[in-house]
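Coordinate inspection notes
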Amino acid sequence: MGYIQRRNRRIFLIFLFPVIVALFATTIYPMLYAGWLSFRNYDLAKPFIPRVFVGWANYAEVLSSGPFLHALITTFKLMAITLSVQLVLGVGIALLVTQKLRGMGLVRTLLLIPMMISPVIVGLVWLFLYFPELGYLNYFLSLIGLGPVSWITSTDWALLAIAIADIWQWTPFVMMGTAAALQSLSPEPYEAARIDGNSRWDVFSRVTLPQLKPVLVSLMFLRAIDAFKIYDIIFVLTKGGPADSTEVISLYIYRQSFTFWRMGVGAAASFVSLIIISVLITLFFKSLQRGQASKG
Amino acid sequence: MSAITLRNVVKRYGAVQVVHGVDLTIDEGEFVVLLGPSGCGKTTTLRMVAGLEDVSEGELSIGGRVVNNLAPKDRGVAMVFQNYALYPHMTVRQNMEFALRPMKLEKSVVDKRIADTAEILGLSPLMERRPAQLSGGQRQRVAMGRAMVRTPKVFLFDEPLSNLDAKLRTQVRWEIGKLHQRLGTTVLYVTHDQVEAMTLADKIVIMRDGYVEQVGTPEEVFAHPKTTFVATFIGSPAMNMIDGRIESGRMVAEGISFAIPARYHVSEGQAVTLGIRPSEIKIAASDDAGALDARVEVTEYLGNEALLDLRIGRHEMVAEVPAADRVEPGRTIRVRFNEAALHLFDAQTGKTLAL
Amino acid sequence: MSFMRTVALTAALAAGAAGAANAEKQFEGVELKMLGIGDTSVTRLAPIVGEFEELTGAKVQIDMFPYPGLIDKIIIEASSDKPSYQLLWVDSPWVGMLGEAGALEDLTDLAKRDAEEIGLKDIVPIQLQENTWQGRLLAFPASGMIWSTNYRKDLYENADEMANFKAKYGYDLAAPSTWAQYRDQAEFFTRKAGDTLAGETLEKDFYGNAQAFSRVAGAITHDYFPIMRAFGGDYWDPGTGLCAMTGEAHVKAAEFMKSLVPSNPPDYLGLMWDLRTGYMERGETALSSYWSVRTVRLTNPAEAMVAEKGLVVGYAPSPTADGAPQPTYTGALSFGINSKASDKEKEAAWAFIKWGTSEAMMRRFAEEGSGVSQFRKSILSDPDLQAKYPYYGVLLSAQENAKRRIFHPFYQDVEENFGIELNKYMAGETETALEALTTACNAVNSRLKIFPEEMRLRWIDDVPADVLKD
């Protein structure tokens, strides 16, 4: 352990310090604070309520709460719809835009636009489309003799309406990742399959798809995490309603924290859902990977 | 009946023509090598035969049937690619099974074919491995196996050995040759390596800039090159070329003068190119009156032979001599050209002047 | 008479301004910010705050936000030690929440001190009572908030419609006095595109009624609670201080609201206050009860197409279950002072409140033509203004026998829980009204039960306002 080495390490630490501070300030401290809050009776609006330690009471309340369970189920429902459609559409569009046709580059760039828009704006865009009576979507439906559909004001449609907006925004993400993966695939096996006479479907399902699988699993993993946190679009479009048809976990947490001002319960709900999502998503994707390994 | 016939086949990409009217007949069971430097149109020609590229003009038939507009799968060909083109996520067995899938064979037939092929190629112990777990040579054998299981009428090889190291290349080359002898299937094989061409081919098609320069057996193209291009492309080290002129019935080139062998037809004053293979330049006795002075610039020792870089007058030439006769650089020796082995070409057209 | 009075007041104000101009302005350098709503209680005043600066030197900035989410901003503002807003817009149901948290400055003494100047006696008493917590005045009314019924008078006076209605329901068509009539009329006027309405063929569907059914920000409760009260229900059990909204009146009120659904637009579950009043403002519904803060838009062509189209809107007090009078449901939209502001800022803020809610200002609004839900007897009873604003009479008489809105510290729990549960019931997700009400009440009570009973009873005790005592 020479002088130079020791000095290098010191310099290393000096450079690292701001990062550590930033990480602590933006991630670790809020996490710890939320953890501390989750064991407390902390009502922001009612300072006359003693802000005392309550043990696991907040967790017990969240876990036994009907609305929490409902929100959890709704979240997974939404996730199932959006992820499956985004997967199918994303791969489909990726297959189209990776064709060597004139203008595909422009098409691809245009398709990425939804992804670059803030979710709040996406919500507003779709609000105009869905708006009861005055919305464009119902106008277009009326032109072909359909509707009107109560997109965001009926319990039958609202979750689907949210899903459509989310699909519109995030399919490009799946498309982009898939297109990149497609372009990195060696073209020669496809020529081999052409000469051998394998059908298009066989080539897609047995050559393309298996090779895309690792990328698709990663893309879906990222989307699953995002989908679990979905908030902005719902907040703009339905705020959880009508009835409780679009009430997802993040809205439940928001309501506990900023409507009932029960910061402790909100924090506990955050941790519970963090654990649930971590466990479920990990299990799900582990099983996917295992399925892939055993096939090999 | 010929296996493959190309009649005035042309390939164009937009305004750019890359293959110019190729005519070629390949007989049943023949091993034909398309040879040439990169960009000569040999791979494009192969891909047209495979059906991976459209034929812009001309007629292409396989097994007596015009296949210009036939899908690759309907042409009865199998192809082995330069980069093997194996399905990376499939095992060796699955790779072969997938190639057989379109044929919709009984499972027992599929299994038998794969087992037989694996046996022939020595792949049996590797059947459950994936390409990433195989060496380059093994992958190449799998690629061949995948082509073989389909029992095609024609095998197409696209530079199959170029990704292998030198030692492996020799071995796989030998295996390919053996396989062809055993199966007797027609082979169209693309390479830029003249050794592969010479060792494997029944017939070599030498191409340059989209034109066929010469078609012939390895012996023919070596002994009777029809153009200066073929003459210099075939044979290693390359044939020495000297520009000269016909004067008084002799070929004269700055201090060198030869009688014209009878098999050449020349006219007085014609500009010609003279070719002589290094092995046909012999060291002569110092008192040999018909010999030329040659200064030895560099000597390369190759074991049995040695290469001498010579300066004869203003010309630089290479001579291949028995290693025992090699000379120290810097010395001047006397050399004699084997006049019977001289090649004469028209300097303008590069074509042979042989009758 | 009223004109003379205005001239006198304006002159006085001008004189005051002139006097102040000579001396150093009283609040030179003070900057006030108000956390406010973008509704008639603020939008009328916001463009002219420069005049206040002219007078006093205090700069006022009003930030306007939509109602949903505004209380969240105010709570966060109130929980901060260094406030950025000295003036807070207050909806009267929040008084208990903000009062128990100590967020608002007690205005009782100031109001008493300046009773003459602010015309304390001229203010409808319930408007002051609305802004009290435990008897203390915590905010000052800037706009009244009275629940009443608006209807398309032109349709109600159409001979064909009157005859058809009489034939079908057996009584004369007139503004409803009972909820049963209300529903009859809502049903009667609900027509499909192609049907005839008042002799004209409809191009699109026409709705007999529009009410707020949305759960967002508890919107549905803002319609349900006044209806529930008009059915004779109340919020709390006076014996325990717990939620009592599971009684017969409460169930009937919820069932009544649900019975209006077929007469409402198909998107009823999403009807927020503004969407619901929009139907009335565009003349696309026959009947809609709502709060006066939006009623006042109906006479302003810039805000309501009915006025522009020349359609006539009629105004009536809210119906009751049996037609017998019930105390009217009132509220107030008010200005309060952040208790954490500095003394100087508080003084300036109080001066601003006095200026912005003064009779002169209110009269100016009335004369300029912009509707404000007036809260001063002198203005509401002014015959000239009554002629100009036909709803003035309804607003004034409605407040004679009035009962204040909910004012509990756990108001947000009530609003949110009942908002969701009632919305679920209206959507058909919950079978019965009783089930929905019970779920909501239980959720509220689960939070209240942990407090001692005397505390709970104090929270529901409407102590008479000190400022109203002599």
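Predicted, not measured: the structure shown is a model, and the values here were computed from it.

Along the backbone of chain A there are 12 helices and zero strands. The linear arrangement of helices and strands in chain A, starting from the amino end, is α-α-α-α-α-α-α-α-α-α-α-α. The globule rule puts the C-alpha radius of gyration for 296 residues at 19 Å, and the 24 Å found for chain A is more than 25% above it. With the C-alpha coordinates of chain A rotated into their principal frame, the extents come out at 80 × 75 × 35 Å. Counting across all 296 residues of chain A, residues that qualify as buried make up 46%. Taking the contacts inside chain A whose residues are at least 6 apart along the sequence as the reference set, 69% of them involve residues at least 24 apart. When the accessible area of chain A is evaluated, it comes to approximately 15500 Å², of which 72% is carbon and sulfur surface. Across chain A, 23 positive and 13 negative side-chain charges occur, with their mean positions spaced 13 Å apart.

Attention now goes to the interface of chain C and chain A. Contacts between the two partners involve 33 residues from chain C, matched on the other side by 29 residues from chain A. For the pair chain C and chain A, the summed buried surface comes to about 2600 Å²; carbon and sulfur atoms form 59% of the total. On the chain C side of the interface with chain A, the three residues burying the most area are C:Arg215, C:Asp267 and C:Arg447, jointly 22% of the side's total. Taken together, the links from chain C to chain A amount to four salt bridges. For A:Arg255, the salt bridge goes to C:Glu416, with nearest N and O atoms at 3.5 Å. Scanning the region where chain C abuts chain A turns up 14 residue pairs in polar contact (both at pLDDT 80 or more). Sorting the residues of the side of chain C that touches chain A by element identifies α4 (70-78), α5 (95-100), α14 (273-281), α22 (411-427) and α24 (453-459) of chain C as the ones contributing at least two each. Broken down by element, the residue count for the side of chain C that touches chain A peaks at eight residues, all from α22(C). In terms of residue class, the side of chain C that touches chain A is made up of 18 nonpolar, five polar and 10 charged.

Residue and element names in this part refer to chain A. The UniProt feature table records "transmembrane region" (unreviewed entry) at residues 12-32, 68-97, 109-130, 136-152 and 260-285. Its end C-alpha atoms 13 Å apart, residues 136-152 is made of 47% helix and 0% strand. Across residues 260-285, helical content stands at 88% and strand content at 0%; the span's end C-alpha atoms are separated by 36 Å.

Moving on to the pattern of salt bridges. All names here are of chain C. Per the stated rule, a full pass over the model turns up 62 salt bridges over all chains. Residue Glu284 is joined to Lys204 by a salt bridge in which the shortest nitrogen-to-oxygen separation is 3.4 Å. Residue Glu284 is found in the loop between α14 and β10 (285-291), and its partner Lys204 is found in the loop between β8 (200-201) and β9 (207-209); the two are separated by 80 residues along the sequence. Measuring nitrogen to oxygen at the nearest pair gives 3.1 Å for the salt bridge that ties Asp413 to Arg447. Taken together, the residues span a long stretch of sequence, with Asp413 in helix α22 and Arg447 in helix α23 (residues 433-448) at a distance of 34 residues.

Before going further, it helps to examine the domain arrangement of chain C. Residues and elements named next belong to chain C. Entries for chain C in the domain assignment read domain 1 (2-146 + 332-403) and domain 2 (147-329). One C-alpha centre belongs to domain 1, the other to domain 2, and the line joining them spans 30 Å. On the domain 2 side, the residues contacting the 25 residues of domain 1 number 26 residues. Buried surface at the junction of domain 1 and domain 2, summed over both partners, amounts to about 2000 Å²; 63% is from carbon and sulfur atoms.

A separate point is the sheet that holds strand β9 (residues 203-208) of chain B. Residues and elements named next belong to chain B. Read from one edge to the other, the open sheet built from six strands follows the order β6-β7-β8-β3-β9-β10, with strand pairing classed as mixed. Single-partner strands in this sheet number two, and they are β6 (77-80) and β10 (211-216). For this sheet, the mean angle separating the axes of adjacent strands, direction not counted, is 20 degrees. Both strand β3 (residues 31-35) and strand β8 (residues 186-191) contribute to a ladder of five bridges, which runs parallel. Residue pairing across strands places Phe31 opposite Val187, the latter belonging to β8. Against the sheet, helix α4 (residues 136-148) contacts β6 and β7 (154-158), and its axis sits at roughly 175 degrees relative to β6.

Residue and element names in this part refer to chain C. Taken as a whole and judged by the stated rule, the model has one disulfide over all chains. Between the sulfur of Cys243 and that of Cys441 lies a disulfide, 1.8 Å long from S to S. What sets the handedness of the Cys243 and Cys441 disulfide is the S-S torsion sign, and at about -70 degrees it is left-handed. Of this pair, Cys243 sits in the loop between α12 (219-230) and α13 (248-259) while Cys441 is found in helix α23, placing the two residues 198 residues apart along the sequence. Residue class for Cys441 comes out buried when judged on its relative accessible area of 3%.

Parameters at a glance
Residues numbered from 1 in each chain as written. Chains lettered and ligands numbered in written order. Predicted model: local features only at pLDDT ≥ 70, side-chain atom pairs only at ≥ 80, totals over all residues. Heavy atoms only, no water. Helix = DSSP H or I, 4+ residues; strand = E, 2+ residues; numbered from the N terminus. Rg over C-alpha atoms; globule rule 2.2 N^0.38 Å. Buried < 20%, exposed > 50% of the residue type's maximum accessible area, 1.4 Å probe, protein only. Contact = heavy atoms within 4.5 Å. Areas by Shrake-Rupley, 256 points an atom, 1.4 Å probe, with all protein chains shown as cover. Lys, Arg positive; Asp, Glu negative; His and termini not counted. Charge placed at Lys NZ, Arg CZ, Asp CG, Glu CD. Buried area = accessible area lost by both parts, 1.4 Å probe. Salt bridge = Lys/Arg side-chain N within 4 Å of Asp/Glu carboxyl O. Polar contact = N/O pair within 3.5 Å; in protein donor to acceptor, adjacent residues only side chain to side chain. Nonpolar A, V, L, I, M, F, W, Y, C, P; charged D, E, K, R; others polar. UniProt positions renumbered as here; feature names shortened; annotations may be inferred. Domains from an automatic or database assignment. Pairing = 2+ DSSP bridges. Axes fitted to C-alpha atoms, helices over the stretch in contact; angles between N-to-C directions. Disulfide = S-S within 2.5 Å.

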